[in-house]
Amino acid sequence: MTTRSLSVRARRAALPVALCAGLATAVTACSSDPDEGTNGVGKLSATEIEGKARSAADGADAVHLSGTLVSKGGTYKIDMRLKGNGATGTVTSKNTTFGLLRVGDDLYLKADAAFWSHRDAKGSAGSGGAAAAGKQLDDKYVKVPSGDSSYQELRGFTDKGALLKGMLGLQGELSKGDRSKVGGVGTIRVRAGKDGEGGTLDVSLQGTPYPLRFERAGGAGVLELGDWNQDFALAAPAKDATVEFGSRLPKT
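Residues numbered from 1 in each chain as written. Predicted model: local features only at pLDDT ≥ 70, side-chain atom pairs only at ≥ 80, totals over all residues. Heavy atoms only, no water.

K.L.:
Sorry if this is basic, but what is going on with the overall build of the protein chain here?
P.N.:
When helices and strands are tallied, the protein chain shows six helices and 12 strands. Within the span of the protein chain, comprising 252 residues, buried residues form 38% of the whole. Considering only contacts in the protein chain between residues 6 or more positions apart, those separated by 24 or more positions represent 54%. Just so you have it, the protein chain exposes about 14100 Å², and 50% of that area is on carbon and sulfur atoms. (Helix = DSSP H or I, 4+ residues; strand = E, 2+ residues; numbered from the N terminus. Buried < 20%, exposed > 50% of the residue type's maximum accessible area, 1.4 Å probe, protein only. Contact = heavy atoms within 4.5 Å. Areas by Shrake-Rupley, 256 points an atom, 1.4 Å probe, with all protein chains shown as cover.)

K.L.:
Can you help me understand the sheet that holds strand β10 (residues 211–215) in this one?
P.N.:
Strand order in the open sheet formed by 12 strands is β7-β8-β9-β10-β11-β1-β2-β3-β4-β5-β6-β12, with mixed pairing between adjacent strands. The outermost strands of the open sheet, each flanked by one partner alone, are β7 (174–182) and β12 (242–243). Across four bridges, strand β1 (residues 62–71) lies against strand β11 (residues 222–226) in antiparallel orientation. Bridge assignment links Ser66 to a residue of β11, and that residue is Glu224. Lying on the sheet, helix α2 (residues 46–59) is in contact with β7, β8 (185–192), β9 (200–204) and β10; it crosses β7 at an angle near 55°. Running over the sheet, helix α6 (residues 160–167) touches β1, β2 (74–83), β10 and β11 and is turned about 50° from β1. (Pairing = 2+ DSSP bridges. Axes fitted to C-alpha atoms, helices over the stretch in contact; angles between N-to-C directions.)

K.L.:
Is there a simple way to think about the pattern of salt bridges in this case?
P.N.:
Should their charged atoms come close, side chains of opposite charge can pair. Counting across every chain of the model gives nine salt bridges. As a salt-bridge pair, Asp105 and Arg155 come within 3.1 Å of each other at their nearest N and O atoms. Of this pair, Asp105 sits in the loop between β4 (96–103) and β5 (106–111) while Arg155 sits in helix α5 (residues 150–155), placing them 50 residues apart in sequence. Residue Asp105 is classed as exposed on the basis of its relative accessible area of 55%. (Salt bridge = Lys/Arg side-chain N within 4 Å of Asp/Glu carboxyl O.)

K.L.:
Could you clarify how one ought to interpret the nonpolar core in this entry?
P.N.:
Where a protein is soluble and globular, its nonpolar side chains tend to be buried together. If you look at the biggest cluster of nonpolar residues, it comprises 49 residues, and the most contacted ones within it are Leu65, Leu109 and Trp228. Among the nonpolar cores identified, the runner-up in size contains five residues, and Ala62, Leu101, Phe232 and Leu234 belong to it. (Core = buried A, V, L, I, M, F, W, Y, C linked by side-chain atoms within 4.5 Å.)

K.L.:
Sorry, what's going on with α2 here?
P.N.:
Side chains three or four residues apart in an α-helix point the same way, a direct result of the helix having 3.6 residues per turn. Between the first and last C-alpha of α2 there are 20 Å, a value that for 14 residues agrees with the 20 Å anticipated at 1.5 Å per step. Regarding α2, the residues found buried are Ala46, Ile49, Glu50, Ala53, Ala56 and Ala57. Along the axis of α2, the buried residues cluster in a sector spanning 125°; they form a single face. What points out from α2, more than 90 degrees from its buried face, is the exposed set Thr47, Ser55, Asp58 and Gly59. On its buried face, α2 sits against α6, β7, β8, β9 and β10. (Expected span 1.5 Å × (residues − 1). Arc of directions from axis to C-beta.)

K.L.:
Help me understand the pairing of β9 in this model?
P.N.:
For a regular strand, side-chain orientation follows a simple rule: the groups alternate between the two sheet faces. Counting buried residues in β9 gives five out of five residues, a clear majority hidden from the surface. Of the pairings in the sheet, the one linking β8 to β9 comprises five bridges and is antiparallel in character. The residue of β9 that forms the bridge with Arg189 is Asp202. Pairing of β9 with β10 involves four bridges; the strand directions are antiparallel. What sits directly across from Asp202, in β10, is Arg213. The turn linking β9 back onto β10 is made up of six residues, and Gly207 within it adopts a positive phi angle of 65°.

K.L.:
Whenever I open this one, the side chain of Arg102 confuses me. Can you help?
P.N.:
By the element assignment, Arg102 lies in strand β4. Buried Arg102, no salt bridge; nearest opposite-charge side chain is Asp105, N-O distance 5.1 Å. Only 2.8 Å separates the side chain of Arg102 from the side chain of Thr158, close enough to count as a polar contact. (Lys, Arg positive; Asp, Glu negative; His and termini not counted. Polar contact = N/O pair within 3.5 Å; in protein donor to acceptor, adjacent residues only side chain to side chain.)

Here it is, written out as C-alpha cells:
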C-alpha cells in the first residue's frame with residue numbers, strides 16, 4: 001500500500017470524527033441554560049419573580065435609592081440612603097436642592113439661604129425677614145418640628161418601608177420581559193399591563209433577587225436601587241451645626 005493511499009484513508013477516517021465533534025458542540029451550544037450561574041429566578045413566573053423581589057427588599061436592612069419621582073404634580077430628584085431607623089440624602093425640587101437627615105423620629109432639613117429666603121418670602125416677616133431667616137439658616141441643619149405641616153411630607157422621603165411600598169407598585173397583569181443589565185448586574189424584567197404601561201421592574205439574577213430598577217406607571221419616574229444591605233453611618237448633627245427654628249418652619 002502506498003503512502004498516498006494511507007493518507008487518503010486517514011483523511012476519510014478523520015472526517016466523521018470532525019463532523020461528530022462539530023455536531024456535539026452545536027448541540028451543547030443550543031441546549032445551554034441561560035440561567036446557569038444565576039440565582040434561578042429567571043425560571044419563575046412573573047408573579048413569583050415580583051414576590052421574590054418584594055421579599056428581598058422587605059428583608060434588607062439598607063438600600064440606596066436614586067432617580068426621579070413624579071408625585072402630586074411635582075417632580076423630585078431623590079438620592080437617599082435608607083434604613084430602618086433613619087436616612088440621609090438629598091432631594092431636588094424646582095431646581096432647589098435640600099438635604100434630609102432622619103435619626104429615629106428626629107428629622108433635619110439642610111438648605112442654602114436662597115431656599116429659606118424663598119420659603120419665608122410669603123410669610124409675615126416680609127422681605128427683610130426672609131433675608132434674615134436665610135442668613136440664619138444657611139447651610140445649617142434645621143430640626144423640623146413634629147407638629148409642622150411639612151414634617152410628614154418630608155419624613156416620607158426618609159422612610160424605607162413606606163417609600164419602597166409606595167414606589168414599587170406594578171399596575172396590571174404581570175408578564176416576563178427581556179433580560180438586561182443594571183449597573184453591570186444581569187436582570188430579568190417584570191412588566192405590568194400592555195407593553196409595560198403599568199410599570200416595569202428589573203430584578204437581579206445574581207445573588208439575592210433584589211429589585212435594581214423600577215420604572216413607574218404613567219411616566220411617574222424611574223428609580224434605581226443599589227447597595228442593598230450595605231450599612232452606613234447615621235448620627236444626629238452637631239449642636240453648633242443645628243438650628244431649632246421653633247414650633248413651625250418658615251412658611252412656603
